[in-house]
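Next come the chains, spelled out residue by residue.
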Amino acid sequence: MSELRWNPLLGEWVATATHRQERTFLPPADYCPLCPTKPGGFPTEVPESTYDIVVFLNRFPSLRPDPAPPAVEGTELFPVRPGIGVCEVVLYTPNHDSSLAREPVEQIHKLVRVWTDRFRELEKLDYVDYVFIFENKGEAIGVTLSHPHGQIYAYPFIPPHIATELKQSLDHQAATGRCLICDILAEERRDGRRIVAENESFVATIPFYARYPYEVHIMPARHLQALTDMSVNEQRDLASIIKMVIAAYDRLFDISFPYMMMMHQRPTDGAPYDHYHFHIEFYPPLRTKTKLKYLAGSESGAGLFINDTLPEEKAAELRAHVTPVVWDERRGR
Amino acid sequence: MDTESTEWTREIPMHRRRITLADGRYMIFYTFGDDAAGPDRPASERREHGDAPGTEEHHV
Ligand SMILES: [Zn+2]
Ligand SMILES: [Zn+2]
Ligand SMILES: [Zn+2]
């Protein structure tokens, strides 16, 4: 069951999704549903003995292409609609003990190509207005499956966070004639203190307005709106800068660093979004090796984030752990 | 089984193979390599095309 309930107070949808557990027999203790199915072994989600990168519809989706009618009837004040959309799981590698940060850059490059392909396919669906590619990583943010994977949600509307960015971008363009993120990028470069990593096509920075201590934004130097706008070189440079950032994350405290990774692209509702500018945002929940940043009263209830660190200092700290990315031409070209 | 592949300029080709799971969900295997069949194509024949949204395309 999945449905969308309207919150008239905030003017946004809430997805209500309940699932019946249909598992009838218990898997072994070390069972990972995202590993390949070993010959003669307990069946996993993937009915093959190996894979490179796999994408599939989530077994317990919040949104689905063929949703059942809502469980309750809506009213004028409380509209409800079926939870139509797509929830995909993306398995990055068959190696259970790996992580995106530990994968070679060639594998991340393959993933960039797969993401691009998913965006291109999902944006064609007429009920999809926004394709959201993301990864939740680490027990610290509640991820129970450690197998390296990400997700893609295809929403039937533009989600609020993106809508705000779009409005700010449009207002900025109306006022100045320029792209907001192009201007942010220029200002970050002029200042320089918050830049974490850089290559020919991308800049990674802990932005001036970071809400989390180690919040990194990756922005393309060229004004583009989606993965599908990238050149072959930009796809490679994107893989490189992602590797630089998340490998530095892992070195920071010498642990597999938890994060949320979110891709902010143009909507797919067919309207023009030339004023928007692609970027990736990372929200790591850690303040220190052992301390979590909680979304408490001010953050959750008022919307004011309290960051008790200086982005200029955190960027310097993270930058010290960035190392160059070396491509192995035999492996992925 | 239909496997599609198209070459990117200067990149190794990416291949997609779509199967339908027992409960009707789609699953897409992405492989990379010059072999048009993809490096880990299984011997077993699987039928493609489930209730997958969208249509298959040829620029992958
Ligand atoms: Zn696994
Ligand atoms: Zn721009
Ligand atoms: Zn953003």
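Residues numbered from 1 in each chain as written. Chains lettered and ligands numbered in written order. Predicted model: local features only at pLDDT ≥ 70, side-chain atom pairs only at ≥ 80, totals over all residues. Heavy atoms only, no water.

Enquirer: Any details on the coordination of the zinc ion (ligand 3)? Residues and values, ideally.
Expert: All names here are of chain A. Those protein atoms acting as donors to the zinc ion (ligand 3) are Glu-165 (OE), Glu-165 (OE), His-264 (ND1), His-279 (NE2) and Glu-281 (OE), and they sit at 1.9 to 2.6 Å. Each donor residue of the zinc ion (ligand 3) lies on one chain, and together they are spaced E-x98-H-x14-H-x1-E. Note on accessibility: His-279 and Glu-281 belong to one class, buried. (Donors = N, O, S within 2.8 Å, 3.2 Å for Na, K, Ca; no water. Buried < 20%, exposed > 50% of the residue type's maximum accessible area, 1.4 Å probe, protein only.)

Enquirer: Just give me the short version of the sheet that holds strand β4 (residues 80–82) of chain A, but keep the residues and values in it.
Expert: Residue and element names in this part refer to chain A. Strand order in the open sheet formed by three strands is β2-β1-β4, and the pairing between neighbours is antiparallel. Because the sheet does not close on itself, it has two edges, and the strands there are β2 (12–17) and β4. The mean inter-strand angle of the sheet, taken between neighbouring strand axes irrespective of direction, is 30°. In this sheet, β4 lies alongside strand β1 (residues 2–7) in antiparallel orientation, the contact comprising three bridges. (Pairing = 2+ DSSP bridges. Helix = DSSP H or I, 4+ residues; strand = E, 2+ residues; numbered from the N terminus. Axes fitted to C-alpha atoms, helices over the stretch in contact; angles between N-to-C directions.)

Enquirer: Give a detailed account of helix α6 (residues 311–319) of chain A, specifying residues and quantitative values.
Expert: Buried residues of α6(A): Pro311(A), Glu312(A), Lys314(A), Ala315(A) and Leu318(A), and no others. Looking straight down α6(A), one finds that the buried residues subtend no more than 165° of arc, so they occupy a single side. (Arc of directions from axis to C-beta.)

Enquirer: Provide a residue-level description of the layout of surface pockets, including the pertinent values.
Expert: Think of a ball as big as a water molecule: rolled over the atoms, this probe shows where empty space is left. Residue and element names in this part refer to chain A. The volume enclosed by the second largest pocket comes to roughly 880 Å³. What lines the second largest pocket is a set of 26 residues, and nearest its centre among them are Glu-12, Phe-132, Pro-159, Pro-160 and His-161. Mapped onto the lining of the second largest pocket, the elements with two or more residues apiece are β2, β6 (130–137), β7 (149–155), α2 (160–176), β11 (259–264) and α5 (297–302). Of the residues assigned to the lining of the second largest pocket, the class counts are 18 nonpolar, five polar and three charged. (1 Å grid on protein atoms, 1.4 Å probe; cavity = no way out; pocket = protein on both sides within 12 Å on 5 of 7 lines; lining within 4 Å. Points joined across faces, edges and corners; volume = space filled by probe spheres on them. Nonpolar A, V, L, I, M, F, W, Y, C, P; charged D, E, K, R; others polar.)

Enquirer: How would you sum up the side chain of Thr44(A)? Please name residues and give values.
Expert: Residue and element names in this part refer to chain A. The topology assignment puts Thr-44 in the loop between β2 and β3 (53–57). Within the structure, the side chain of Thr-44 is placed 2.6 Å from the backbone oxygen of Cys-35, a separation counted as a polar contact. At 3.0 Å, the side chain of Thr-44 and the backbone nitrogen of Val-46 are in polar contact. The contact partners of Thr-44, leaving out residues within four places of it in the chain, are Tyr-31, Cys-32, Pro-33, Cys-35, Pro-36 and Thr-37. (Polar contact = N/O pair within 3.5 Å; in protein donor to acceptor, adjacent residues only side chain to side chain. Contact = heavy atoms within 4.5 Å.)

Enquirer: Can you break down the nonpolar core residue by residue, with the values?
Expert: Residues and elements named next belong to chain A. Counting 62 residues, the largest nonpolar core has Trp-115, Val-216, Ile-218, Leu-238, Tyr-249 and Phe-282 as the members making the most contacts within it. Ranked by residues supplied to this core, first place goes to helix α4 (residues 232–253) with eleven residues. Not counting chain neighbours up to four residues away, the residues in contact with Leu-238 comprise Val-112, Phe-202, Ile-218, Leu-227, Met-230, Phe-278 and Ile-280. In this structure, Leu-63, Tyr-153, Leu-166 and Phe-305 belong to the second largest nonpolar core, which totals 17 residues. (Core = buried A, V, L, I, M, F, W, Y, C linked by side-chain atoms within 4.5 Å.)

Enquirer: Describe the coordination of the zinc ion (ligand 1), with residues and values.
Expert: Surrounding the zinc ion (ligand 1) are the protein donor atoms Cys32(A) (SG), Cys35(A) (SG), His96(A) (ND1) and His147(A) (ND1), which sit 2.0 to 2.3 Å from the metal. Because the angles between the four donor atoms bound to the zinc ion (ligand 1) fall within 100 to 117°, the donor set is best described as tetrahedral. (Tetrahedral: all angles 85-135°; square planar, octahedral: opposite > 155°, others 65-115°.)

Enquirer: Summarise the pairing of β2(A); cite the residues concerned and give the values.
Expert: Residue and element names in this part refer to chain A. Where β1 meets β2, six bridges bridge the pair, whose relative direction is antiparallel. From the neighbouring strand, Asn-7 faces β2, where its bridge partner is Glu-12. Once β1 ends, the chain turns through four residues before running back antiparallel as β2, passing Gly-11 with a positive phi of about 70°.

Enquirer: I'd love a proper account of helix α3 (residues 180–191) of chain A, names of residues and values included.
Expert: Residues and elements named next belong to chain A. If you check α3, its first and last C-alpha atoms are 17 Å apart, about what twelve residues at 1.5 Å a residue would give, namely 16 Å. Every buried residue of α3 is listed here: Leu-180, Ile-181, Asp-183, Ile-184, Leu-185 and Glu-188. Residues of α3 that are buried in the fold lie against α2, β8 (195–198), β9 (202–205), β10 (216–220) and β12 (279–283). Following α3 by one or two positions, Gly-192 has its phi on the positive side, about 85°. (Expected span 1.5 Å × (residues − 1).)

Enquirer: How would you sum up the pairing of β12(A)? Please name residues and give values.
Expert: Side chains on a regular strand alternate between the two faces of the sheet. Residue and element names in this part refer to chain A. Counting buried positions over the five residues of β12 gives five, a clear majority of the element. Burial of β12 is two-sided: the residues His-279, Glu-281 and Tyr-283 facing one way and the residues Ile-280 and Phe-282 facing the other way are all buried. Here β10 runs beside β12; their pairing, made up of three bridges, is antiparallel. Across the sheet, Ile-218 pairs through a bridge with Ile-280, a residue of β12. With five bridges joining them, β11 and β12 adopt antiparallel strand pairing. By the bridge assignment, Met-263 is partnered in β12 with Ile-280.

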